[in-house]
Amino acid sequence: MKFIILALSMIILSAQTHAQETLTFAVVPQQSAKKLAKLWTPLLREISDDSGVKLIFTTAPNIPTFERRLSQGQYDFAYMNPYHFVVFNESPGYQALAKQKDKHIQGIIVVRKDAPYASINELNDITMAFPAPAAFAATLLPKADLSAHHVTVKSRYVSSHDSVYLSVARGLSPAGGGILRTFNNAPANVREQLRILWKTQPHTPHAIASHPDVSSDARQKIQTSLVNLHSTVKGRAALKAINFVAFEGADNSDWEDIRILGINSLK
């Protein structure tokens, strides 16, 4: 009888431990959910196998929904843009874990290759495509540079970076905002129709952050796996799929360059 009770206790404990170690990992929907799942699932599988913490990929249908879910603390881990991190570090208290190593994020403005524009000064009064109002590098930074050049544009929000590039390639928008990484990840038949008209100044890149309720043990395991991912063949392949070379550990203070910009789009 004692043996049976002990065995049942071990099964229950094992089930509880397993439940505690299955956590969500959300990726900001700069691209379609299908494409993000294809790019990120192998990486999350490698981290899960290495850390012993099972990560379940998730995203949102659009950036505003992703922002709302972050504000409600719905994700255990999340890959979010720099401005998102500044806002959601404050509340509900997401904590920095890692960021792309030796990399900064730049916004870009793209136009069709055959477009007549030679500088952003010529974009005055057009309607530009942007992924979302608070998309940091793809919306906020290009708009800041346009404003600094006294260029006024109207905004058309199309929900993702891929939609921006497709809109411009098809001639539905004369110009659009994006970032280099998603531009390079765009389908070749779309990318080949576009050229980069403008690049913004570089800033600290996207954050991988954890919800404050995630245990310090799980945080440490995931951070260690992320930082060491580039040291294995499978890890390097998973990183290459998202156009990364490596991750490095991060602290909340790493995004001070974003805080001092004083952006308040989500506040």
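Details of the structure are given in the entry above.
The following refers to the structure shown. Since this is a predicted model, take the numbers as computed values, not measurements. (Residues numbered from 1 in each chain as written. Predicted model: local features only at pLDDT ≥ 70, side-chain atom pairs only at ≥ 80, totals over all residues. Heavy atoms only, no water.)

### With respect to the environment of R181
Working step 1: Along the chain, R181 turns up in helix α7 (residues 180–185).
Working step 2: Along the backbone, R181 and I242 are 61 residues apart, and their C-alpha atoms lie at a distance of 8.3 Å.
Working step 3: Filtering out sequence-adjacent residues up to four positions away, R181 remains in contact with Q30, Q31, Y79, I242, N243 and F244.
Working step 4: Engagement of the side chain of R181 in a polar contact is seen with the side chain of Q30, the distance being 2.6 Å. (Helix = DSSP H or I, 4+ residues; strand = E, 2+ residues; numbered from the N terminus. Contact = heavy atoms within 4.5 Å. Polar contact = N/O pair within 3.5 Å; in protein donor to acceptor, adjacent residues only side chain to side chain.)

### So, the sheet that holds strand β2 (residues 54–58)
Working step 1: Taking strand neighbours across the sheet as the criterion, the 6 strands line up as β2-β1-β3-β10-β4-β11 in an open arrangement whose pairing is mixed. The two strands at the open ends of the sheet, each matched to only one other strand, are β2 and β11 (247–249). Put simply, the sheet's adjacent strands are angled 25° from each other on average, direction ignored.
Working step 2: One ladder, built from 4 bridges, connects strand β4 (residues 95–100) with strand β10 (residues 207–210); its direction is antiparallel. Following the sheet pairing, K99 is matched in β10 by A207. (Pairing = 2+ DSSP bridges. Axes fitted to C-alpha atoms, helices over the stretch in contact; angles between N-to-C directions.)

### Quick notes on the pattern of salt bridges
Working step 1: Within the structure shown, the criterion is met by 5 salt bridges.
Working step 2: Residues D217 and K221 are paired through a salt bridge, measuring 3.2 Å at the closest nitrogen-oxygen approach. Separated by 4 residues within a single helix, D217 and K221 lie in helix α9 (residues 216–228), roughly one turn from each other.
Working step 3: R259 is the salt-bridge partner of E256, the closest N and O atoms lying 3.5 Å from each other. Note that E256 and R259 are positioned in helix α11 (residues 256–259) at a spacing of 3 residues, about one turn of the helix.
Working step 4: Note on E256: relative accessible area 41%, which makes it partly exposed. (Salt bridge = Lys/Arg side-chain N within 4 Å of Asp/Glu carboxyl O. Buried < 20%, exposed > 50% of the residue type's maximum accessible area, 1.4 Å probe, protein only.)

### Considerations on the nonpolar core
Working step 1: Judged by nonpolar contacts, the single largest core of 58 residues is most densely connected at F25, W40, L43, L55, F66, M80 and F247.
Working step 2: Broken down by element, this core gets its largest block of residues, 6 residues, from helix α2 (residues 33–51).
Working step 3: Once residues within four sequence positions are removed from consideration, L55 is found in contact with L23, F25, L44, I47, S48, F77 and I222. (Core = buried A, V, L, I, M, F, W, Y, C linked by side-chain atoms within 4.5 Å.)

### Description of α2
Working step 1: Over its 19 residues, α2 runs 25 Å from end to end, which matches the ideal 27 Å to within 8%, given 1.5 Å per residue.
Working step 2: Maximum bend of α2: about 35°, positioned at W40, with proline P42 one to four residues after it.
Working step 3: Within the span of α2, buried status applies to L36, L39, W40, L43, L44, E46, I47, S48 and S51.
Working step 4: Following α2 by one or two positions, G52 has its phi on the positive side, about 80°. (Expected span 1.5 Å × (residues − 1). Bend = angle between axes of the 7 residues up to and from the residue.)

### Remarks on the environment of P174
Working step 1: In this structure, P174 sits in the loop between α6 (161–169) and β8 (175–179).
Working step 2: We classify P174 as partly exposed; its relative accessible area is 30%.
Working step 3: Once the C-alpha coordinates of P174 and Q31 are considered, the two residues, 143 residues apart in sequence, prove to be 20 Å apart.
Working step 4: Those residues within four positions of P174 in sequence are excluded, and the remaining contacts are V110, V111, Y117, I126, T127 and V168.

### Digging into helix α4 (residues 82–90)
Working step 1: With 8 of 9 residues buried, α4 is to be regarded as a mostly interior element.
Working step 2: Along α4, the residues classified as buried are P82, Y83, H84, F85, V86, V87, F88 and N89.
Working step 3: Where α4 is buried, its residues touch α3 (63–71), β3 (77–80), β4, α5 (136–148), β10 and α11.

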